[in-house]
Amino acid sequence: HHVGLFVGGTYNIDHKLAYGTVGLDYEYRISKPIGIGLVGELLINQGHGNEIVFGIPLFYHTGPLKFALAPMVAYPMPKTSASSHGGAAGSEMLYGGRFGASYAFHAGPVSVSPTVNIDYIKSLAIVYGVTIGKGF
C-alpha cells in the first residue's frame, strides 16, 4: 500500500491555461512490478474556475521508475467558457486518459517523486510536480 500527496501544476497546451494542482493517490501492489490505484486532483485557476479529475491508474515499476496508465474523468467548474481539459461552463463530465512517469527517492517508508503526466481529456494537458508518499 502507498498513499501520496501531489503538489504541482497543470498546463493545457491547446488552451494555453495554467492551473495549480493538488491531489491524492493510492496504490495497491498486485505484484512486485504491478500496482493498481486511485488518483484525485483539484486544478485551481482563479480566472477560469476549478476542475476535479479522477482516475484509476495501472502502475508498472522498474526500480525507482514508475509508469502509470489510467482512464480519467474530469469535471470542469469554470467561471468562464474555458477549462483545462476543454470543457465549457455548465458542462458535464469529460472522459479521457493519462500516461505518466515518476522517479522515487526513498527514505525508509517515505518517498519523494518528481512526477510528469500527459492527460488527454478533450484537449492535451501536461501535469507536473512532486508526490510525497508513504508506504505501509
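Before reading on, note that the structure itself is shown above.
Okay, so let's go over this structure. The structure displayed is predicted, hence computed values, not measured ones.

## A look at the environment of Phe59
Thought 1: Along the chain, Phe59 falls in strand β5 (residues 58-62).
Thought 2: Among the residues examined, Phe59 registers a relative accessible area of 7% and is labelled buried.
Thought 3: The spacing of Phe59 and Arg29 is 30 residues in sequence and 8.5 Å in space, taken between C-alpha atoms.
Thought 4: The contacts of Phe59, once residues within four sequence positions are left out, are Tyr26, Glu27, Pro33, Ile34, Gly35, Ile36, Gly37, Lys66, Phe67 and Ala68.

## Section: the side chain of Lys66
Thought 1: Within the element layout of this structure, Lys66 appears in strand β6 (residues 65-77).
Thought 2: Side-chain polar atoms of Lys66 contact the side chain of Glu27, separated by 3.3 Å.

## Section: the pattern of salt bridges
Thought 1: Summed over all chains, the structure comprises four salt bridges.
Thought 2: In this structure, Glu41 and Arg98 form a salt bridge, with 2.9 Å as the shortest nitrogen-oxygen distance. Pair noted here: Glu41 is in strand β3 (residues 34-44) and Arg98 is in strand β7 (residues 94-103), with a separation of 57 residues, a long-range link. The pair formed by Glu41 and Arg98 is uniform in burial state, with each residue classed as buried.

The rules behind each value
Residues numbered from 1 in each chain as written. Predicted model: local features only at pLDDT ≥ 70, side-chain atom pairs only at ≥ 80, totals over all residues. Heavy atoms only, no water. Helix = DSSP H or I, 4+ residues; strand = E, 2+ residues; numbered from the N terminus. Buried < 20%, exposed > 50% of the residue type's maximum accessible area, 1.4 Å probe, protein only. Contact = heavy atoms within 4.5 Å. Polar contact = N/O pair within 3.5 Å; in protein donor to acceptor, adjacent residues only side chain to side chain. Salt bridge = Lys/Arg side-chain N within 4 Å of Asp/Glu carboxyl O.

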